[in-house]
Protein chains: 2
Amino acid sequence: MRITAVAETQFLEKVFQKAGFSATDGSLLADTLVDADLRGISSHGIQRLDWYIRMVQDGTIKPQNQVKTLKETDTSMLLDANGNMGQIASALAINSLIKKAKTTNVAMAVIRNSNHFGTAGYYSRLAAQAGLIGISTTNTRPLVVPTNAIEAFLGSNAFAFTFPADPHPFVFDGATSSVSSGKIMVLAKNQKPISGEWAVDGERNIIHDSKKAAEILSEVAFTEHQSGGGVLTLGGNKEENSNYKGFGNSLVVELLTGILAQGSISADTNTGKHDFSQFFMVINPAFFGDLATLKANAEKMFERIRNLDHIPGTHIMIPGDREYRNYDYNSEHGVVIDPKTTQEITAIAEKFAIELPQKL
Amino acid sequence: MRITAVAETQFLEKVFQKAGFSATDGSLLADTLVDADLRGISSHGIQRLDWYIRMVQDGTIKPQNQVKTLKETDTSMLLDANGNMGQIASALAINSLIKKAKTTNVAMAVIRNSNHFGTAGYYSRLAAQAGLIGISTTNTRPLVVPTNAIEAFLGSNAFAFTFPADPHPFVFDGATSSVSSGKIMVLAKNQKPISGEWAVDGERNIIHDSKKAAEILSEVAFTEHQSGGGVLTLGGNKEENSNYKGFGNSLVVELLTGILAQGSISADTNTGKHDFSQFFMVINPAFFGDLATLKANAEKMFERIRNLDHIPGTHIMIPGDREYRNYDYNSEHGVVIDPKTTQEITAIAEKFAIELPQKL
């Protein structure tokens, strides 16, 4: 079904308050999910609600806990998300870094004891809106098999980088691995095969059956039992195609998150203590030159790339192009909620005695 | 042939002085090339000498020019390499950032009017030796075809990230594209085919003939004439294998280098003004926790990864493992100089009336 973003927001705010979050925190959580749905990143939209509520109910998430600032300087922050949702500490971090970077030109934050924070791009986009470069990363549950390995160890480890530009900023946002587990889950839900080199089994054979791949990912992400296999690093299955570079990118995120935060590394979040860590950075491009000039130069480059000769029938898109197009369309026509999520939020609405958003 | 690193250094220092560099700058240039040869990165070793000397002789490189500091704060630098070799401004930048980051925790530099700077890893390793995280990037000549495009536009855009650890730091260092052009040139020189998805022709067919690929790269990198094709982004030929993520990584480097520096973007360095730009960052991990603990935790993670179940007959290597092994071996047995480079340096030795290094 389709519902308006306003209706989605109002519904989510009510749910999060009933679940025990403050009004402010509930609004933030709602905004991150609605924003993802508007941008067509439905893997990180309202379909996460059921999981979030379950984590509150099983005590993984502590919705009343306050973020603790453990260390802070003009340029640097170490925060403790204190077992609450990742969005809360992350928004605090990025908003502080935006202020800091305007005077110090560069600032960074690490968050420990955190959890899912929505899309990485949400925070980096806040920096871009302020005329700044934003970098956001998180580790995740273990999903990804290193080069030559046959068992998962690394997280899908999202990375977002934004650069101010008009009509919209450059927004590069996604898993550092070949795909996120969400993309595989969506195919499995729709009973469609995997065409690309996304996942392998315990003998490192490429899996095209999305249901089989989804089962492997559920096992590696949520149990201690590892029968092998997982998502591939960017570069695919073979070392000759430089998949060690995708492995390196994923490791960079592990080092900046779990290691710097002294939290769990991705490999240790499938059972027991379930904590993710985040790293944020904001850079002020205006230190290096007039911001309007830099933005115009970036946009000129993007426009030249969009117009390069290309394979007939395809388009060349700059990171961000697709999500801003979706944002405009879905703002006008409403966001899509899939049937399974509709079932889930219907049950949540009944449980909390809240009215469901009206179908468009 | 093999020669000792000491003999290579002495030879290079003499050549660079004869070519017009100061003794200090010549020593630095020699060190970056010898270091690459010791680490087995021969594409960035003494085989670059002939090209460097030709750039001095045709006026592209101005060996007497001094680096200019255009702007500087506690955390930030904008430098002008002033048409001299990239190594000179880059070493100045990284050494300044190492000092800055020890007090401000994070510091960054952008360099304009620069040129080839050797390996990106050279500078990041200096940060790691000081117990810091080092990030180094550069743009390059145009070589890489964006997702769905059939003409080259992006540089191979090197990225190096180091993290302190024992017995050696984490050193992730390489082109952001599927491969550097150097790897293709080496195969072409040895008349070996390309087995992986590295390069495409003007119809985006994968090229396995390394000579043909080398010809395309020479055309796109050094002429205005573009008959199409180039190196692939990380992720290979097909959008379904997420090659737009490799494209995104390459664009991040373009933005941090050519755009922030207001220098040429990679696409515009094949003819006319030949300037590269660099971006460096240093982060102090000790802000976030005890350095010895962070290093030990990183090494524990690396060791667990090295020991994961893997495909029989393969090894799992952490970025840096191979180059430190090469360093130890070549320090003892000497560095390898290929026949073509031997011819080139023989001619250079004659021209400058310098004795060739003794063959081991």
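Position numbers for residues count from 1 along each chain, tracking the sequence in the order it is written. Chain letters start at A and ligand numbers start at 1, both assigned in the order the entries are written. Given that this is a predicted model, residues contribute local features only at a pLDDT of at least 70 and side-chain atom pairs are listed and counted only at 80 or more, while totals for whole chains, interfaces and linings are drawn from all residues. Hydrogens are left out, water is left out, and the side-chain values use all remaining heavy atoms of the structure.

A. Structural detail: the relation of the copies chain A and chain B. Rotating chain A by 180° and moving it 0.0 Å along the rotation axis overlays it on chain B with an RMSD of 0.0 Å. Expressed as an axis order, the relation between the two copies is that of a two-fold axis. Nearest to the rotation axis, the C-alpha of A:Gly235 is located 2.2 Å from it, this being the minimum over chain A. Of all interface residues in chain A, 100% are interface residues in chain B too; the two copies therefore contact each other through one and the same surface. Only residues with pLDDT of at least 70 in both copies contribute their C-alpha atoms to the least-squares superposition of the copies. We call two residues in contact when some of their heavy atoms are within 4.5 Å.

B. How the structure looks around the pairing of strand S5 (residues 133-138) of chain B. Residue and element names in this part refer to chain B. Note on exposure labels: buried denotes an accessible area under 20% of the residue type's maximum, exposed denotes more than 50%, and partly exposed covers the range between, all computed with a 1.4 Å probe on protein chains only. Every helix listed is a DSSP run of H or I at least four residues long, and every strand listed is a run of E at least two residues long, numbered separately from the N terminus. In terms of burial, S5 is largely enclosed, as six of its six residues are buried. Where burial is concerned, the two faces of S5 agree: the one with Ile133, Ile135 and Thr137 and the one with Gly134, Ser136 and Thr138 are both buried. Two strands pair under a simple rule: DSSP has to find at least two bridges between them. Across six bridges, the pairing between S5 and strand S12 (residues 276-283) is antiparallel. The residue bridging Ile133 from the neighbouring strand is Ile283, located in S12.

C. Region of the structure containing the interface of chain A and chain B. Counting residues at the interface gives 87 residues for chain A and 87 residues for chain B. Whenever a carboxyl oxygen of Asp or Glu lies within 4 Å of a side-chain nitrogen of Lys or Arg, that contact is scored as a salt bridge. Linking chain A to chain B there are two salt bridges. A salt bridge links A:Asp268 to B:Arg304, with the shortest nitrogen-to-oxygen separation between them at 2.8 Å. Counting of polar contacts relies on pairs of N or O atoms within 3.5 Å, with two restrictions inside protein: one atom must be capable of donating a hydrogen and the other of accepting it, and residues adjacent in sequence are counted only when both atoms are side-chain atoms. At the surface where chain A touches chain B, the tally comes to 30 residue pairs in polar contact (both at pLDDT 80 or more). Of all the secondary-structure elements, those providing two or more residues to the side of chain A that touches chain B are strand S2 (68-72), strand S3 (76-80), strand S4 (106-114), strand S8 (158-163), strand S9 (170-175), helix H8 (243-261), strand S12 (276-283) and helix H9 (291-306) of chain A. The element contributing the most residues to the side of chain A that touches chain B is H8(A), with 13 residues. For the side of chain A that touches chain B, the residue count by class is 47 nonpolar, 24 polar and 16 charged. Any residue outside Ala, Val, Leu, Ile, Met, Phe, Trp, Tyr, Cys, Pro, Asp, Glu, Lys and Arg is labelled polar, Gly included; the first ten of those are nonpolar and the last four are charged.

D. How the structure looks around the pattern of salt bridges. Residue and element names in this part refer to chain A. In this structure the tally under the stated criterion is 30 salt bridges over all chains. Here Asp201 and Lys212 are joined by a salt bridge, their closest N and O atoms 3.9 Å apart. Of the two residues, Asp201 is situated in the loop between strand S10 (199-200) and helix H7 (210-222) and Lys212 in helix H7; the sequence distance between them amounts to 11 residues.

E. The sheet that holds S3(A), seen in detail. Residue and element names in this part refer to chain A. Ordered in space as S2-S3-S4-S12-S5-S8-S9, the seven strands form an open sheet in which the pairing is mixed. Because the sheet does not close on itself, it has two edges, and the strands there are S2 and S9. In this sheet, neighbouring strand axes are inclined to one another by 10° on average, regardless of whether the strands run parallel or antiparallel. Taken together, the four bridges between S2 and S3 define a ladder with antiparallel strand orientation. In the sheet register, Lys68 faces S3, and the bridge partner there is Asp80. To obtain an axis, a line is fitted to C-alpha atoms, over the contacting stretch when the element is a helix, and the angle between two such axes runs from 0 to 180 degrees between their N-to-C directions.

F. Structural context of unusual backbone geometry. Here the residue pair A:Asp166 and A:Pro167 is connected by a cis peptide bond, since its omega of 10° sits within 30 degrees of zero. Secondary-structure assignment places A:Pro167 in the loop between S8 and S9.

G. Here's a closer look at the sheet that holds strand S8 (residues 158-163) of chain B. All names here are of chain B. Read across the sheet, seven strands follow the order S2-S3-S4-S12-S5-S8-S9 without closing on themselves; strand pairing throughout is mixed. The two strands at the open ends of the sheet, each matched to only one other strand, are strand S2 (68-72) and strand S9 (170-175). Averaged over all neighbouring strand pairs, the angle between strand axes comes to 10°, with direction disregarded. Across the sheet, helix H4 (residues 86-104) is in contact with S2, strand S3 (76-80), strand S4 (106-114) and S12; its angle to S4 comes to roughly 165°.

H. Expanded view of the packing of helix H1 (residues 5-18) of chain A against helix H3 (residues 49-57) of chain A. Residues and elements named next belong to chain A. For the pair H1 and H3, interaxial distance at closest approach is 11 Å and the crossing angle is 10°. As far as their axial angle goes, H3 and H1 are roughly parallel. The two elements H1 and H3 cross, and the hand of that crossing is right-handed. Here Phe11, Leu12, Val15 and Phe16 of H1 lie close against H3, whose contacting residues are Leu49, Tyr52 and Ile53. Oblique is the label for any angle not under 35 degrees, not over 145, and not in the 65 to 115 range, which are roughly parallel, roughly antiparallel and roughly perpendicular in turn. Crossing chirality is assigned from the near helix's rotation relative to the far helix, an anticlockwise turn below a right angle marking it left-handed and a clockwise turn marking it right-handed.

Purely geometric numbers; function is a separate question.
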